[in-house]
Amino acid sequence: AAAGLVFQFRDARWLPDPVLGPSPAVRTPQPVPLVIDNGSFQARAGWACSDPEVPGEPLLRFRSLAARSRGARGGAGTETQVGNDLGSPEPLRWLLRSPFDRNVPVQLELQELLFDHIFQRLGVSSQGCVDHPIVLTEAVCNPLYSRQMMSELLFECYQVPKVSYGVDSMYSFHHNTRQDWPCNSLIVSSGYQCTHVLPVLEGRLDAKNCKRINLGGCQAAVYLQRLLQLKYPGHFAAITLSRMEEILHEHSYIAEDYIEELQKWRSPEYYESNVHKMQLPFSSKLLGTTLTSEEKQERRQQQLRRLQELNARRREEKLQLDQERLDRLLYVQELLEDGQMDQFHKGLVELNMDSAEELQSYIHKLSLAIEQTKQKILQAEVSIEVDVVDSKPETLDLDPLGSEQSLEDVESIHEFEPLFAEEQPDVEKPVTTVEPVFNLAEYHQLFLGTERIRVPEILFQPSLIGEEQAGIAETMQYVLDRYPKEQQALLVQNVFLTGGNTMYPGLKARIQKELLEMRPFQSSFQVHLASNPILDAWYGARDWALEYVNHEEGWITRKDYEEKGGEYLKEHCASNVFVPIRLPKQAPRTTETLAPSKVLAASIGNPCDLA
């Protein structure tokens, strides 16, 4: 049973998004809306078209990341890659940049790169502009400045005809709403950066009582990485964030009763039957293998050949430098022979010499050194390959022509002598495989025990990672307490869970248990999970776009943008509540409105002047 719980890391590489050809159905009879779910973890884009030829699902799904290389080869400038074009995020982890701060886009130059990637890969064929209406998701209670910059980017840079903003969790809620469901709900939306508790009354978001918890899948992945790096310091570099996200998605679950579940893990039998072993990649050639005498001899020959090539390269470089130095000296000597004494003395000063005799002596020594170096190079070229024996070779026999052995060769060979220590050939021993003292595959395994429940538990107990915040259960109780009992009973009849971070097994049962503890005796409640917590926000936005594409409700036109500003929002069933900026009017400062003491001081003037 234990052997069946060993799992391999997929380490899947992202495949680049293809460039899709523009379909005629998305432009006739009029351009159809383009739906973009702009998430902090993943962006999803596709068309809202009722034509069966156009897929009713997102055509693009990629991580909301961009990486700009420090410089392309050949001096061609920087190169920017977006989303799936990165291949894998780990080699570029320190170069990755995201347009989001928490779940709010703040880096609009990076957001522009994401939009360029979407429009290019979807085959938007309009010249100089994007003539499709845009349906875009935004954060709950999105700051006006962020919406203003986003509207400015869409209207000024891409010349879109109109745009609509909506909350992703509200789109998911309306997509999953059935006829028998009430229009009042308490939405629990947990994503990559944040978790929100959103009350919905009569189908509209009650923005005054929304609450946010600054915890999501990102904090869980970092916490799991820290736990496993402390547990396995020998595999520090192999414990990457990508692998931690894979563990969270496939091997973690939420305990219905955390303390009781920890007590179960104390049992050795329960641990052995439920522990998950994650196999890290490793090489079996590190231990347990020995080399035969032939392999050792071949390795020694390769090392010696490498040394000979290295020394030959050093001699050629030294010969070139000496030749350049000798040419300079001969040029100065020719100045003396031609009688150009001023140039000759200036050349001696540059060479740091005092007299012509010193110059002549240096030329003689350098000529001899060049000749010796040339002789060594010629001898190395015509030398035959040295036969390597098992016994320790003598240094003087390395040169087959009996020439003078260079000091560099002797020192280099002495450095490698410990690597070539071998047994005497007269004593033949059978080659046996050395068994490792431990299982190498098991050494490269990560044992996931209580980490499977400890990491997702931060949603309910943020204090596990040192965060002074309330968990989901406490936040739900706080939001419900802001309503009268009648409305509380209506809200808990439809507790709706959505978002990629709500896909942990056991989350629905845990929410039901928490509600059972906080609600009055014999009161009823219902908890529903989105049919597809990740993609339902995009599906809901597509449903809204198909229904309201020819209506004015919810659409911000270019005229609205120019008249009312970029922060303007037209509300609809899945949008935020628009709160315009109200600047207080400043009263005119006159002497009549000043206090009597200030009027007196103004009439008297400066006391220093009076003095």
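Residues numbered from 1 in each chain as written. Predicted model: local features only at pLDDT ≥ 70, side-chain atom pairs only at ≥ 80, totals over all residues. Heavy atoms only, no water.

Going by what an unreviewed UniProt entry lists, the chain is known as Actin-related protein 5 and is assigned to Chelydra serpentina. Looking at the Sequence similarities (unreviewed entry) heading of the UniProt record, one finds this comment for the chain: "Belongs to the actin family. ARP5 subfamily." Recorded under Subcellular location (unreviewed entry), the UniProt text for the chain is reproduced unchanged: "Nucleus". (UniProt positions renumbered as here; feature names shortened; annotations may be inferred.)

A. Structural view of unusual backbone geometry. Thr-28 connects to Pro-29 through a cis peptide bond whose omega is 0 degrees. By the element assignment, Pro-29 lies in the loop between strand S1 (6–8) and strand S2 (34–38). One non-glycine residue, Gln-522, lies in positive phi territory at about 65 degrees. Looking at where Gln-522 falls in the secondary structure, it is placed in the loop between helix H16 (507–518) and strand S19 (527–529). (Helix = DSSP H or I, 4+ residues; strand = E, 2+ residues; numbered from the N terminus.)

B. How the structure looks around the sheet that holds strand S20 (residues 556–557). Here we have six strands laid out as an open sheet, ordered S4-S3-S2-S10-S11-S20, and mixed in their pairing. Both outer strands of the open sheet, strand S4 (60–63) and S20, are each paired with one neighbouring strand and no more. Examined bridge by bridge, strand S11 (residues 162–167) and S20 share two bridges and lie antiparallel to one another. Bridging from a neighbouring strand, Lys-162 pairs with Thr-557 of S20. Packed on one face of the sheet, helix H3 (residues 168–176) meets S2, strand S10 (134–138) and S11 and runs near 80 degrees to S11. (Pairing = 2+ DSSP bridges. Contact = heavy atoms within 4.5 Å. Axes fitted to C-alpha atoms, helices over the stretch in contact; angles between N-to-C directions.)

C. Summary view of the environment of Pro-505. Tracing the backbone shows Pro-505 in the loop between strand S18 (495–498) and H16. Note: C-alpha distance between Pro-505 and His-249 (256 residues apart in sequence) is 9.8 Å. The residues contacting Pro-505, other than those within four sequence positions of it, are Ser-252, Tyr-253 and Ile-254.

D. Spotlight on the sheet that holds strand S17 (residues 445–448). Strand order in the open sheet formed by three strands is S1-S16-S17, with mixed pairing between adjacent strands. Only two strands of the sheet have a single neighbouring strand rather than two, namely S1 and S17. The mean angle between the axes of side-by-side strands here comes to 30 degrees, regardless of whether they run parallel or antiparallel. For strand S16 (residues 276–279) and S17, the ladder comprises four bridges, and the chain directions are antiparallel. Residue pairing across strands places Met-278 opposite Leu-446, the latter belonging to S17.

E. Spatial organisation of the pattern of salt bridges. Counted under the stated rule, the structure contains 19 salt bridges. Note that Glu-245 and Arg-63 form a salt bridge whose closest N and O atoms lie 3.6 Å from each other. Pair noted here: Glu-245 is in helix H5 (residues 241–251) and Arg-63 is in strand S4, with a separation of 182 residues, a long-range link. Both residues of the pair, Glu-245 and Arg-63, count as buried. (Salt bridge = Lys/Arg side-chain N within 4 Å of Asp/Glu carboxyl O. Buried < 20%, exposed > 50% of the residue type's maximum accessible area, 1.4 Å probe, protein only.)

F. Summary view of the state of the cysteines. Under the criterion given, the structure shown has zero disulfides. In this model Cys-194 remains outside any disulfide bridge; the closest cysteine sulfur is found in Cys-218, 10.0 Å from its own. (Disulfide = S-S within 2.5 Å.)

G. Representation of the side chain of Asn-103 in the model. Position of Asn-103 relative to the elements: it lies in the loop between strand S8 (100–101) and strand S9 (104–105). Once you skip the residues sitting within four places of it in the chain, Asn-103 turns out to touch Ser-40, Ala-139, Gln-193, Cys-194, His-196 and Arg-212.

H. Structural detail: the packing of helix H1 (residues 108–121) against helix H2 (residues 144–157). One way to put it is that H1 packs onto H2 with a least axis distance of 11 Å and a crossing angle of 50 degrees. Looking at the two axes, H1 sits oblique to H2. Of the two possible hands of crossing, H1 and H2 adopt the one that is right-handed. Together, Leu-108, Gln-111, Glu-112 and Phe-115 of H1 and Met-149, Met-150, Leu-153, Leu-154 and Cys-157 of H2 make up the contact between the two elements. Per-class residue counts for the contact of H1 with H2 are seven nonpolar, one polar and one charged. (Parallel < 35°, antiparallel > 145°, perpendicular 65-115°, else oblique. Left-handed = near helix turned anticlockwise from the far one by under 90°. Nonpolar A, V, L, I, M, F, W, Y, C, P; charged D, E, K, R; others polar.)

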